[in-house]
Amino acid sequence: AAKILLMDLSGVISEEPVFSLGSSGPRVSLLARVREELQKAEDDAQIKALVLRINSPGGTVTASDILYREIGAFKARKKVPVVAVIMDVGASGGYYVALAADTIVAHPTTVTGSIGVIMLTLNAEGLLQKVGVTPLAIKSGAKKDMGAPFRGLTEEERAIFQSVIDDFHSRFVSLIARARRLPEERVRALADGRIYTAQRALDLGLVDHVGYLEEGVELAKRAAGTTEARVVMYRRPREYRSNLYSSAE
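Worth saying up front: this structure is predicted, and the values here are computed from it rather than measured. (Residues numbered from 1 in each chain as written. Predicted model: local features only at pLDDT ≥ 70, side-chain atom pairs only at ≥ 80, totals over all residues. Heavy atoms only, no water.)

Once that is clear, we can look at the packing of aromatic side chains. Counted under the stated rule, the structure contains two aromatic pairs. Between Y68 and Y96, the aromatic rings sit 5.8 Å apart at their centres with planes inclined by 90°, giving edge-to-face as the arrangement. Taken as a pair, Y68 in helix 2 (residues 61-78) and Y96 in helix 3 (residues 93-98) lie far apart in primary sequence, 28 residues in all. Comparing Y68 with Y96 shows no difference in burial state: the two are buried. Ring plane angle 50° and centroid distance 4.9 Å describe the contact between Y96 and F172, whose orientation is recorded as tilted. One end of the pair, Y96, is in helix 3; the other, F172, is in helix 5 (residues 155-180), with 76 residues separating them in the sequence. Residue Y96 shares its accessibility class with F172, and that shared class is buried. (Phe/Tyr/Trp six-rings, centres within 6.5 Å; stacked < 30°, edge-to-face > 60°. Helix = DSSP H or I, 4+ residues; strand = E, 2+ residues; numbered from the N terminus. Buried < 20%, exposed > 50% of the residue type's maximum accessible area, 1.4 Å probe, protein only.)

Below, the structure written as structure tokens:
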């Protein structure tokens, strides 16, 4: 019988294993779990579509990009439709990953968008001066310690960091323009970091439908040309899975 694989992409997107309170299973990174599940699905001739259940505020640029690439490569090799269903949040890197799908469905109460890249650092120079602490950096180059919390940024260093962020942002914008078939200028205008409701995201062309998880499954079935497919979720030993909303961890 035909099967639809439901894959859970919840939490911060990172290369590191995520600890969940009460979990008795092994700690496995999101990237490792996704690759394992995609490989298993690729070897199963009964898998006719993939549904991504996304609930993530984002994460690192690299981890988000790897997930996007893994799902896109799976789709190309397996030649099955992929539907992303965004739950509470599918923002920043969470939306980045959703772009790998053929169709994006947003739950009516979804928050999405937050398109952009951010880098945070801390300047504790003033505090250190107040307590009489003077940091000493022995460095191989003048900019080796730029971004360290012990001193402020020079204008040149700020420009260097900004250029890196701008490059990552341009990659994100280009990817959206290509995946969503939108003019790059239009994408850049709405990609200022703000968040959008599901309906607003639909109006802007960032998602294809506003609906529920079950509707995402039905869209996947129709795209796969089947009405009898059953939904399956892969799990590790001792992991609890009973329905569409069961956690992956």
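From this point, the discussion proceeds with the structure in view.
For K78, the location among the structural elements is in helix 2. D44 provides the closest opposite charge to the buried, salt-bridge-free K78, at an N-O distance of 6.0 Å. Of note is the side chain of K78, whose polar atom sits 3.4 Å from the backbone oxygen of E42. In contact with K78, not counting residues within four places along its chain, are A41, E42, D44, A45 and I47. (Lys, Arg positive; Asp, Glu negative; His and termini not counted. Salt bridge = Lys/Arg side-chain N within 4 Å of Asp/Glu carboxyl O. Polar contact = N/O pair within 3.5 Å; in protein donor to acceptor, adjacent residues only side chain to side chain. Contact = heavy atoms within 4.5 Å.)

On to the nonpolar core, then. Ranked by internal contacts, the top residues of the largest apolar core, which has 49 residues, are L9, L50, L52, I71, Y95 and L206. Leave out the neighbours within four places in its chain, and I71 touches L9, L38, L50, L52, V82, V97 and A100. Residues I4, A49, V105 and A229 belong to the second largest nonpolar core, which totals 14 residues. (Core = buried A, V, L, I, M, F, W, Y, C linked by side-chain atoms within 4.5 Å.)

Side chains of strand 4 (residues 103-106) alternate between two faces, with T103 and V105 and I104 and A106 buried alike. Where strand 3 (residues 82-91) meets strand 4, four bridges bridge the pair, whose relative direction is parallel. Paired with V83 across the bridge in strand 4 is T103. Between the parallel pair strand 3 and strand 4, the chain is carried across by helix 3, and the sense of this crossover is right-handed. Pairing of strand 4 with strand 7 (residues 209-210), which is carried by two bridges, proceeds in the parallel orientation. When the sheet's bridge partners are listed, V105 is paired in strand 7 with H209. (Pairing = 2+ DSSP bridges. Right-handed = clockwise from strand over helix to strand, strands pointing away.)

Take the pattern of salt bridges next. Tallied over the entire structure, the rule returns 15 salt bridges. Put simply, D44 and K3 hold a salt bridge, and the shortest N to O gap is 2.5 Å. Highlighted residues: D44 in the loop between helix 1 (30-42) and strand 2 (47-56) and K3 in strand 1 (residues 3-10), separated in sequence by 41 residues. When sorted by exposure, D44 lands in the same class as K3, which is buried. In this structure, K221 engages E218 in a salt bridge whose closest nitrogen and oxygen atoms are separated by 3.6 Å. Separated by three residues within a single helix, K221 and E218 lie in helix 8 (residues 213-224), roughly one turn from each other. Residue classification places E218 among the partly exposed positions, given a relative accessible area of 38%.

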